[in-house]
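This is what each chain is made of:
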Amino acid sequence: GEVGLGVGEKARELGKSTQFSASEVADGMGFLAQAGFESDQILTSVESTLQLAAAGQLGLAEASDIASNVLTGFGLQAEDTARVADILAHTASRANTNVQQLGDAFKFAGPAAVGAGIAIEEAAGLVGVLSDAGLQGEQAGTALRGAIVGLLKPSAEAQKTLARLGFARSDIVNDDGKITDFVGVLEKLSAAGATTEDVFRIFGQRPGTGVQALLTQLDTKGADVLRDRVADVDLGSTGRAAEIAETQMRGLGGALKTLRSRFEELQLRIGEAGLT
C-alpha cells in the first residue's frame, strides 16, 4: 500500500544519506515495528534512531530498543524521538556514561520522574551528575527513582527529619501531588547542612547514597552545579545526535560505510533497470 511504499522510499532515502545501507535502515524500521511503532510513527522516528545508533556506536536493534523504552518510560510520543536521541547523545558526551547506561538508568527512573512532574531533561542532567560520581546505569536510575519516591511518600521518620531541617510539606510537593522543584529540595538540604545520617533517614540507605552523591557535588563544585547541568541538557542538546553521528562518521571507517551504502543504492538501481 501507500504506507508500505513510503517506508520503502524512506529506507532508500536514508540509505543514500546516512552511514547505514538501505537494507540496514529497513532492519531498523523492523526493530521499531517490533517495539510497537505503527508505520507512520516509524517514518517519523527512524532517522533519529539511526542517528542515535551512530552517535552511541550501537547496533540498530539496541538503539531502537533504547529509544522506544525511553519514550514509553517518560510517556512521550514517536514524534519526540529526535528529542530523546539528542538528550541521550548529548548527556553521554558530557558525563561519565554512555547511551546504553543512560537507557538502563531511564528504564528505572522514567516512570517515577513522570509521576513527580520531572521532565526528561532534568532527569538526564541528574543522571549525568550521578554518573560522574560513579553511579551509572541501573544504579543511577534506581537511586533517582528512590529519591523521588522518598519525597512523594516520606516515612514518619523522614517527615520528622525534613521538618527539623526546615522543610514544610508545601516546600516539596504542590497541590497536584508533583514535586515542586526537585533540584531546589537538594539545594535546600545542602544549605541546611543535612548530614549523611539525615539523608539516610529521609531516603533510605540505597537511594540515600545517590542523594548524598548529589549533595557532595553541590558542596564541592558549587551551589549551581545541578541547575547548570540540567540547563546544559535543556539548552544544549538540540541537534546533538546528528552532530555526534557526523563526527563518528569521519575517518576511514565512516568513509567505507558511506561507500557501502552508495554501492547498495547502485545495486538497487541496476535491479530496477532490469539489469542483473
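Residues numbered from 1 in each chain as written. Predicted model: local features only at pLDDT ≥ 70, side-chain atom pairs only at ≥ 80, totals over all residues. Heavy atoms only, no water.

**Considerations on the packing of helix α5 (residues 81–94) against helix α13 (residues 225–236)**
Helix-helix packing: each pair is described by the crossing angle between the helix axes and the interaxial distance.
Right, on to step 1. Taken N-terminus to C-terminus, the directions of α5 and α13 make an angle of 135°; their axes are 10 Å apart at the nearest point. By the angle between their axes, α5 is oblique relative to α13. Considering the relative orientation of α5 and α13, their crossing is right-handed. Residue-level inspection shows Ile87, His90, Thr91 and Arg94 of α5 in contact with α13, the latter providing Arg229, Asp232, Val233 and Gly236.
Right, on to step 2. In the contact of α5 with α13, the residues fall into two nonpolar, three polar and three charged. (Axes fitted to C-alpha atoms, helices over the stretch in contact; angles between N-to-C directions. Helix = DSSP H or I, 4+ residues; strand = E, 2+ residues; numbered from the N terminus. Parallel < 35°, antiparallel > 145°, perpendicular 65-115°, else oblique. Left-handed = near helix turned anticlockwise from the far one by under 90°. Contact = heavy atoms within 4.5 Å. Nonpolar A, V, L, I, M, F, W, Y, C, P; charged D, E, K, R; others polar.)

**Regarding the packing of aromatic side chains**
Right, on to step 1. Taken as a whole, this structure holds one aromatic pair when the rule is applied.
Right, on to step 2. Measuring from ring centre to ring centre gives 5.3 Å for Phe74 and Phe106, while their planes differ by 90°; the resulting arrangement is edge-to-face. On the criterion of sequence distance, the pair formed by Phe74 in the loop between α4 (60–73) and α5 and Phe106 in helix α6 (residues 99–116) is long-range, its members being 32 residues apart.
Right, on to step 3. Positioned above the aromatic ring of Phe167 is the side chain of Lys188, whose terminal nitrogen or guanidinium carbon lies 4.8 Å from the ring centre. (Phe/Tyr/Trp six-rings, centres within 6.5 Å; stacked < 30°, edge-to-face > 60°. Lys NZ or Arg CZ within 6 Å of the ring centre and 35° of its normal.)

**So, the environment of Val225**
Right, on to step 1. Its place among the elements puts Val225 in helix α13.
Right, on to step 2. Judged by relative accessible area, Val225 falls into the buried class, the value being 13%.
Right, on to step 3. Sequence separation of Val225 and Val129 is 96 residues, and the distance between their C-alpha atoms is 8.8 Å.
Right, on to step 4. Excluding anything up to four places from it in sequence, Val225 contacts Gln217 and Leu218. (Buried < 20%, exposed > 50% of the residue type's maximum accessible area, 1.4 Å probe, protein only.)

**Some remarks on helix α2 (residues 22–34)**
Right, on to step 1. With 13 residues, α2 should cover 18 Å at 1.5 Å per step; its first-to-last C-alpha distance of 18 Å lies within 8% of that length.
Right, on to step 2. Three or more residues of α2 are buried, namely Ala22, Val25, Gly28, Met29 and Leu32. Taken around the axis of α2, the buried residues stretch over an arc of 115°, which confines them to a single face.
Right, on to step 3. Note on α2: the residue one or two positions beyond its end, Gly36, has a positive phi of about 100°. (Expected span 1.5 Å × (residues − 1). Arc of directions from axis to C-beta.)

**Points about the side chain of Thr161**
Right, on to step 1. Relative to the helices and strands, Thr161 is located in helix α9 (residues 156–164).
Right, on to step 2. Judged by relative accessible area, Thr161 falls into the buried class, the value being 3%.
Right, on to step 3. Those residues in contact with Thr161 that lie beyond four places of it in its chain are Asp198, Arg201 and Ile202.

**A look at the environment of Leu126**
Right, on to step 1. With respect to the helices, strands and loops of the structure, Leu126 is situated in helix α7 (residues 120–132).
Right, on to step 2. The class for Leu126 is buried, based on a relative accessible area of 1%.
Right, on to step 3. A C-alpha to C-alpha distance of 7.5 Å links Leu126 and Arg229, two positions 103 residues apart in sequence.
Right, on to step 4. Those residues in contact with Leu126, other than ones at most four positions away along the chain, are Leu144, Phe182, Val183, Leu186, Leu214 and Leu226.

**A few points about the pattern of salt bridges**
Right, on to step 1. In total, this model carries eleven salt bridges according to the counting rule given.
Right, on to step 2. Across the pair Lys107 and Asp104 runs a salt bridge whose closest N-O atoms are separated by 4.0 Å. Of the two residues, Lys107 and Asp104 both sit in helix α6, three residues apart, roughly one turn of that helix.
Right, on to step 3. When the shortest N-O distance is used, the salt bridge between Lys188 and Asp171 registers 3.3 Å. Of this pair, Lys188 sits in helix α10 (residues 182–191) while Asp171 sits in the loop between α9 and α10, and the two are 17 residues apart along the sequence.
Right, on to step 4. For Lys188, a relative accessible area of 31% translates into the label partly exposed.
Right, on to step 5. Shared partners join several salt bridges into a network, and the residues in it are Glu157, Glu197 and Arg201. (Salt bridge = Lys/Arg side-chain N within 4 Å of Asp/Glu carboxyl O.)

**Let's talk about helix α8 (residues 138–152)**
Given 3.6 residues per turn, any residue in an α-helix points the same way as the ones three and four places further on.
Right, on to step 1. The terminal C-alpha atoms of α8 lie 21 Å apart, and with 15 residues this matches the ideal 21 Å at 1.5 Å per residue to within 8%.
Right, on to step 2. Considered for burial, the residues of α8 that qualify are Ala140, Gly141, Thr142, Ala143, Leu144, Gly146, Ala147, Ile148, Gly150 and Leu151.
Right, on to step 3. On its buried side, α8 packs onto α6, α7, α10, α11 (196–203) and α12 (205–221).

**As for the nonpolar core**
Taken as a class, soluble globular proteins show a tendency for nonpolar side chains to be buried jointly.
Right, on to step 1. Grouped together as the largest cluster of nonpolar side chains are 78 residues, with contacts concentrated most on Leu88, Leu144, Ile148, Phe182, Leu186, Leu189 and Leu226.
Right, on to step 2. If one sorts the elements of this core by residue count, α6 sits on top with eight residues.
Right, on to step 3. Leave out the neighbours within four places in its chain, and Leu189 touches Leu162, Leu165, Phe167, Ala194, Ile202, Phe203 and Leu215. (Core = buried A, V, L, I, M, F, W, Y, C linked by side-chain atoms within 4.5 Å.)

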